[in-house]
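# Structure at a glance
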Amino acid sequence: MPRLHVVSASTRPTSAGRPLAAWVAELAAAREEFDTTLIDLGEVGLPFFDEPEHPSEGRYIHRHTKEWSATVAAADCFVFVMPMYNGGFTAPLKNAVDYLQKEWQGKPVGLISYSAGSSGGAPAVEMIQPVLRRVGLRPARRSLSISGIEDRLAGRYGSFVATAELAAQAAAVLDEVALLAAAEPTAV
């Protein structure tokens, strides 16, 4: 059974992404295809990349890097639940990706974005895909972008309230991640 890490990519203490990521993790955990873990980049707390050697060397000196490496290495696939800031993906998510290299190799990743506006973060999804491919991740073709995120929360930062359509779209992203996880990675 593939080990799926659902990564909440916002580090804001009041992030609307945490309830959304928790909902995605619940959906994934209810399926037989995954052993699911929710990872919160706000709790991981990585400083800006501070290793003296290039990540491709895999020789880490800092405890936070070693712990992040172990977390990522333990997963077989990912879903990044990511906000859009100013038309792009967040610096903390880019930093988390940049910290490592071999730990990402060949692993599938699904992308679920959100924003307060009408795009739902779709531009951030487009922007991050080349970065993910560059480190060897295999982005799923299908993604989900959720607009008006504040309107989908019970209370100010309460649980995520999904429609049947959003649940079906999230399930489709998880379906593709499961298929990619079951398939042999191709040469990048």
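Owing to the predicted nature of the structure, the values given are computational and were not obtained by experimental measurement.

### What to know about the packing of aromatic side chains
Per the counting criterion, the structure on display carries six aromatic pairs. Aromatic pair Trp23 and Phe160: ring centres 4.9 Å apart, planes at 45°, arrangement tilted. A residue pair is termed long-range when its members are at least 10 positions apart, and Trp23 in helix α1 (residues 17-29) and Phe160 in the loop between β5 (138-146) and α6 (164-182) qualify at 137 residues. The buried category is assigned to Trp23, whose relative accessible area is 11%. Residue Phe160 is classed as buried on the basis of its relative accessible area of 8%. Ring centres of Trp68 and Trp104 lie 6.3 Å apart, and the angle between their planes is 70°; this geometry places the pair in the edge-to-face category. Of this pair, Trp68 sits in helix α3 (residues 63-73) while Trp104 sits in the loop between α4 (91-98) and β4 (108-114); the two residues are 36 residues apart in sequence, bridging distant segments of the chain. We classify Trp68 as buried; its relative accessible area is 4%. For Trp104, a relative accessible area of 1% puts it in the buried group. By the ring-pair criterion, three or more aromatic residues cluster together here, those being Trp68, Phe78, Phe80 and Trp104.

Calculation notes
Residues numbered from 1 in each chain as written. Predicted model: local features only at pLDDT ≥ 70, side-chain atom pairs only at ≥ 80, totals over all residues. Heavy atoms only, no water. Phe/Tyr/Trp six-rings, centres within 6.5 Å; stacked < 30°, edge-to-face > 60°. Helix = DSSP H or I, 4+ residues; strand = E, 2+ residues; numbered from the N terminus. Buried < 20%, exposed > 50% of the residue type's maximum accessible area, 1.4 Å probe, protein only.

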